[in-house]
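Each chain, written out:
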Amino acid sequence: LFIHQNMRNSTQETESYFPIFVDILERLSNKDMFFEYYKRHFSQRLLGDRKILHMDLENNFLSLLKQRMSLPHLFHLEKMYKDVQTSELLISDFASYASQQGVSVVELANTAVLTQGHWPKIYTKQGEIPPALVSTCNAFDEFYKMKHNGRVLSWDMSKGRAEVKVLAAKCSIEVSTPQLCILLRLNQSDTLDVSTLHTDMGFDARTQNMVKTNYEVMTKPHKQKYWNELLHLQGTTLSVNPAFKCKSLGKKPKFLLESAARPSDRKDRKIVEETVTADRNYEMQCTLVRVMKSHKGTSVKISSLISQATTICQARFMPEPQALKRAIEKLIEGEYFARDENDRSAVYYLA
């Protein structure tokens, strides 16, 4: 978080902290956990407000990490960085293509094309595309398929931004793109059935937080303490709050998804831990197989195998002996290893 805040609020001293950051990182025993969190914060910076994104600073820190460390996580970070750079050129080419074809499109200045597998997983459904963007998205799909045959695009609007003018309150508010979809529907009808958020608009339990952040713009039909209870009541409807006013003059009120996501921080932390645990299990099994292949034809004591695997894995994380034992048992069940009949405390590799 300290690195994240320094990268976002860049000062002249920020780059001078880089060697200190790396020195601390080199002494961490669980580097994989750090990089999983860092990747999420890195994605927030890359996909956030471009006005406060310092690409040169991000590149300098990545370069220093690659000089001082050799970890597979750095490959993913570098790919994320290149995706954003490539996206800027791609959007520029699309604007030229649309102009040549005479196609009327909306400017996609902050759109990014991400490579699946390198970025943190997206846990939201695709949801509804705002009507004003449908033709532009379709045109971009055709343009992208012309440049990259065989690739498929899946639009994620959850991290988008929009400015909405509230005519009654004579002000503008900044909302996320899914929130915009909700407000546009309320622009067509006085009320909105919450069930449509889960069916027509494709929102799930994780994205229902976006409704909570509109609580000043919309009114609740009941006085339940928690929005979770309200959103699951049969026949619940939402309507525009006629008494809504902008409390702060000169500043745009923000009702963004991130401000409503704080209660789910614990849930997100659990997801990170589960992801890291799954990656560690895979890494331990691969390491054990590589060690046994180097001893092909001879049996190896399980204690010696655990010791050798620990030495290799500790460059990324410190594996627990019990976790390595469970990994060995799984490899035996999968018929990669077999116990030595003359020495049950030893195993050998099955070709």
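Look up: the structure comes first, before these words.
Residues numbered from 1 in each chain as written. Predicted model: local features only at pLDDT ≥ 70, side-chain atom pairs only at ≥ 80, totals over all residues. Heavy atoms only, no water.

It is worth spelling out the overall build of the chain at this point. Looking only at helices and strands, one finds 14 helices and nine strands in the chain. When each of the 351 residues of the chain is scored for burial, the buried share is 41%. Long-range pairs, those at least 24 residues apart, make up 65% of the contacts in the chain with a sequence separation of at least 6. Of the roughly 21100 Å² of accessible surface on the chain, a fraction of 50% belongs to carbon and sulfur atoms. (Helix = DSSP H or I, 4+ residues; strand = E, 2+ residues; numbered from the N terminus. Buried < 20%, exposed > 50% of the residue type's maximum accessible area, 1.4 Å probe, protein only. Contact = heavy atoms within 4.5 Å. Areas by Shrake-Rupley, 256 points an atom, 1.4 Å probe, with all protein chains shown as cover.)

What follows concerns the pairing of strand S1 (residues 161-166). Here S1 shows a buried face lined by Ala162, Val164 and Val166 and an unburied face lined by Arg161, Glu163 and Lys165. Two elements, S1 and strand S2 (residues 171-176), share six bridges in a ladder whose sense is antiparallel. Bridging across to S2, Ala162 finds its partner in Val175. (Pairing = 2+ DSSP bridges.)

Turning our eyes to something else, we now look at the side chain of Lys31. Relative to the assigned elements, Lys31 resides in helix H3 (residues 31-47). Despite being buried, Lys31 has no salt bridge partner; Glu26 is the closest side chain of opposite charge, sitting 8.1 Å away. Those residues within four positions of Lys31 in sequence are excluded, and the remaining contacts are Leu25, Glu26, Met69, Leu71, Ala315 and Arg316. (Lys, Arg positive; Asp, Glu negative; His and termini not counted. Salt bridge = Lys/Arg side-chain N within 4 Å of Asp/Glu carboxyl O.)

All right, on to the pattern of salt bridges then. Counted under the stated rule, the structure contains eleven salt bridges. A salt bridge links Lys301 to Asp343; its shortest N-O distance comes to 2.7 Å. Here Lys301, found in strand S7 (residues 300-301), pairs with Asp343, found in the loop between strand S8 (337-339) and strand S9 (346-349); they are 42 residues apart in sequence, far enough to count as distant. For Lys301, a relative accessible area of 41% puts it in the partly exposed group. With relative accessibility at 23%, the residue Asp343 sits in the partly exposed group. The network of salt bridges with common partners includes Asp23, Glu26 and Arg68.

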